[in-house]
Amino acid sequence: MTTSNRGLNTAPAVLVLEDGRTFRGRAYGAVGETFGEAVFSTGMTGYQETLTDPSYHRQVVVMTAPHVGNTGVNDEDPESKRIWVAGYVVRDPARVPSNWRSRRTLDEELAAQGVVGISAIDTRALTRHLRERGAMRVGIFSGEAIADEAALLARVRAVPQMKGADLSGDVATTERYVVPAIGTRKFTVAAVDLGIKGMTPHRMAERGIEVHVLPANATVEDVYAVNPDGVFFSNGPGDPATADHPVSVMRAVLERGTPLFGICFGNQILGRALGFGTYKLKYGHRGINQPVQDRTTGKVEVTAHNHGFAVDAPLDGPSDTPYGRVEVSHVCLNDNVVEGLQLLDRPAFSVQYHPEAAAGPHDAAYLFDRFVSLMEGQRA
């Protein structure tokens, strides 16, 4: 990526998809060029949390909400220490933010962090195109980076695809750190960071859990060195088919019978650990308005998603695995994609979406309580 920082500008910009379709608009954020996988997010709020979610590493996010940037950028809501999206696409950016917590404009923040974006394009048409053709490689070029479209298209097609990408090591912490329990410490959890969001350990800390966040390459010995009551596997970017090391660590946890909880990438890791395959969705689920049914209760929840891969597990009843029986506990009502797994003979479960939901609905917050119940049961 090459960039130059500017304020709000009217420099020309062009978005080029790998199938040759192009959209012309204005630069938004940094001016230069960037590449990634084009995906769309249906959230109407929470853009700051989206931008700083490590799961969006190497992805160019298209916002379906037409007006973005109204509340500016503050210093309280980031989910990590930086913006992770590879590029940003909006239709009508706010000219002046209005919020009591705002410290700067979204355009200024994107430019300061070198994130190349584009505005003033028909994001509805782009979203429809991605829904019909699927997520694909894309490039955004602005200012002096704009060149002959054939040359730009060739550069887009030379970018590595998301399938087969091993990315969790790019975004995970390199050093262990601890998030202390809020109030009395009741449990200790080892959290394997595959791209963890800041709100996740906070949700556990609210329930009296001291969270030891470990690097993605943590070994089984590292996990049990903290004497955990439970083990957590986080969300993260990339293709789960490449995550052989986390799968081997999770299998060791399952063998010991330690209470286990995984979300998003962690759900896919559990699927692989149990012997199921994973596959790439046509355009994925991204946004804070996805309907999921908890099949254990029948309740339908509005949930926050960010995943382009899914677990290939049977929906018609429990399956036998080396670790006992497992069933699909949650399913997306839009397309029947597996959204959760639950072991029936061991204390382990996972969901494909984000129960920490910042920003977003809190329908699924009970899943952290379910994790606490597993640890209480094991201790008893």
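Residues numbered from 1 in each chain as written. Predicted model: local features only at pLDDT ≥ 70, side-chain atom pairs only at ≥ 80, totals over all residues. Heavy atoms only, no water.

**Student:** In this structure, what is going on with the UniProt feature "binding site: L-glutamine" (unreviewed entry) in the protein? I would like to understand it.
**Tutor:** When the UniProt feature table is mapped to this numbering, "binding site: L-glutamine" (unreviewed entry) covers Ser55, Gly236, Gly238, Phe265, Gln268, Asn306, Gly308 and Phe309. Their sequence span is 255 residues, while the largest C-alpha to C-alpha distance among them is just 13.4 Å; these annotated residues converge on one region. Residues from the annotated list that form part of the lining of the largest cavity: Asn306. With residues up to four places along the chain from it excluded, the contact list for Ser55 reads Gly195, Asn235, Gly236, Pro237 and Asn306. Mapped onto the secondary structure, Gly236 falls in the loop between strand S14 (230–233) and helix H8 (244–256). (UniProt positions renumbered as here; feature names shortened; annotations may be inferred. 1 Å grid on protein atoms, 1.4 Å probe; cavity = no way out; pocket = protein on both sides within 12 Å on 5 of 7 lines; lining within 4 Å. Contact = heavy atoms within 4.5 Å. Helix = DSSP H or I, 4+ residues; strand = E, 2+ residues; numbered from the N terminus.)

**Student:** Help me out: how do you make sense of the state of the cysteines in this one?
**Tutor:** Covalently bonding the sulfur atom of one cysteine to the sulfur atom of another cysteine gives a disulfide. By the definition in use, this model includes zero disulfides. Cys332 carries a free sulfur, and the closest cysteine sulfur to it, the one in Cys264, is 13 Å from it. Overall, the relative accessible area of 0% leaves Cys332 in the buried class. (Disulfide = S-S within 2.5 Å. Buried < 20%, exposed > 50% of the residue type's maximum accessible area, 1.4 Å probe, protein only.)

**Student:** Looking at this model, I keep getting lost on the pattern of salt bridges. Mind explaining?
**Tutor:** Side chains that carry opposite charge are capable of pairing whenever their charged atoms lie near each other. By the definition in use, this model includes 19 salt bridges. Arg325 is the salt-bridge partner of Asp345, the closest N and O atoms lying 2.9 Å from each other. Linking Asp345 in the loop between strand S20 (338–343) and strand S21 (348–351) with Arg325 in strand S19 (residues 324–332), this pair joins segments that are 20 residues apart in sequence. Given the relative accessible area of 45%, Asp345 is considered partly exposed. Note on Arg325: relative accessible area 36%, which makes it partly exposed. Because the salt bridges share partners, they merge into one network encompassing Arg203, Glu206, Arg207 and Asp369. (Salt bridge = Lys/Arg side-chain N within 4 Å of Asp/Glu carboxyl O.)

**Student:** Quick question: what am I supposed to make of the environment of Val326 here?
**Tutor:** For Val326, the position within the fold is in strand S19. Separated by 15 residues in sequence, Val326 and Leu341 place their C-alpha atoms 6.8 Å apart. When sequence neighbours within four positions are dropped, the list of residues in contact with Val326 reads Leu274, Phe276, Gly317, Pro318, Ser319, Thr321, Leu341, Gln342 and Leu343.

**Student:** What should I look at first to understand the packing of H8 against helix H9 (residues 265–273) in this one?
**Tutor:** How two helices sit against one another is set out by the angle between their axes and by the gap between those axes. Orientation of H8 relative to H9, taken along the N-to-C sense of each, is 70°, at an axis distance of 9 Å. The orientation of H8 with respect to H9, classified from their angle, is roughly perpendicular. For the pair H8 and H9, the contacting residues are Asp244, Pro246, Val247, Met250, Arg251 and Leu254 in the first and Gly266, Ile269, Leu270, Arg272 and Ala273 in the second. Class assignment for the residues of the contact of H8 with H9 results in seven nonpolar, one polar and three charged. (Axes fitted to C-alpha atoms, helices over the stretch in contact; angles between N-to-C directions. Parallel < 35°, antiparallel > 145°, perpendicular 65-115°, else oblique. Nonpolar A, V, L, I, M, F, W, Y, C, P; charged D, E, K, R; others polar.)

**Student:** Explanation requested: the layout of surface pockets in the structure shown.
**Tutor:** Regions of empty space are outlined by a rolling probe, equal in size to a water molecule, passed over the atoms. In this structure, the largest pocket spans a volume of roughly 400 Å³. Around the largest pocket, the lining comprises 19 residues; the ones closest to its centre are Ser80, Lys81, Tyr177, Asp193 and Ile196. At the level of elements, strand S11 (177–179) and helix H6 (199–205) are the ones that each hand at least two residues to the lining of the largest pocket. Grouping the amino acids of the lining of the largest pocket by side-chain chemistry returns eight nonpolar, six polar and five charged. Lining the second largest pocket we find 21 residues, and of these Thr45, Gly46, Tyr47, Gln48 and Thr71 sit closest to its centre. Counting residues per element, the ones that place at least two in the lining of the second largest pocket are helix H1 (47–51) and strand S6 (67–68). The leading source of residues in the lining of the second largest pocket is H1, at three residues. The class makeup of the residues in the lining of the second largest pocket is seven nonpolar, 11 polar and three charged. (Points joined across faces, edges and corners; volume = space filled by probe spheres on them.)

**Student:** Is there a simple way to explain the nonpolar core in this structure?
**Tutor:** One broad trend across soluble globular proteins is that nonpolar side chains are buried collectively. By size, the foremost hydrophobic cluster in this structure holds 36 residues, and its most contacted members are Val223, Phe233, Met250, Leu254, Leu274, Leu341 and Leu343. Elements with a minimum of two residues in this core: strand S12 (187–192), helix H7 (220–225), S14, H8, H9, S19 and S20. The next biggest cluster of nonpolar side chains, apart from the first, holds 23 residues, and it includes Leu15, Ala27, Leu126 and Leu130. (Core = buried A, V, L, I, M, F, W, Y, C linked by side-chain atoms within 4.5 Å.)

**Student:** Sorry if this is basic, but what is going on with unusual backbone geometry here?
**Tutor:** Across residues other than glycine, the phi torsion is negative in most instances, and most of the peptide bonds are trans. At Cys264, a position not held by glycine, the phi torsion is positive, near 60°. On the basis of relative accessible area, Cys264 is assigned to the buried category, the value being 2%.

**Student:** Got a minute to help me understand H8 in this structure?
**Tutor:** In an α-helix, one full turn covers 3.6 residues, which means residues spaced three or four apart are oriented alike. With 13 residues, H8 should reach 18 Å at 1.5 Å per residue; the first-to-last C-alpha distance of 19 Å fits that figure. Among all positions of H8, only Pro246, Val247, Val249, Met250, Ala252, Val253 and Leu254 are buried. In this structure, the buried side of H8 is in contact with H7, S14, strand S15 (260–263), H9, S20 and S21. (Expected span 1.5 Å × (residues − 1).)

**Student:** Teacher, can you tell me more about the environment of Cys264 here?
**Tutor:** Its place among the elements puts Cys264 in the loop between S15 and H9. Taking the C-alpha atoms as reference, Cys264 lies 5.3 Å from Tyr353; in sequence the two are 89 residues apart. Once you skip the residues sitting within four places of it in the chain, Cys264 turns out to touch Asn235, Asn306, His307, Val351, Gln352, Tyr353 and His354.

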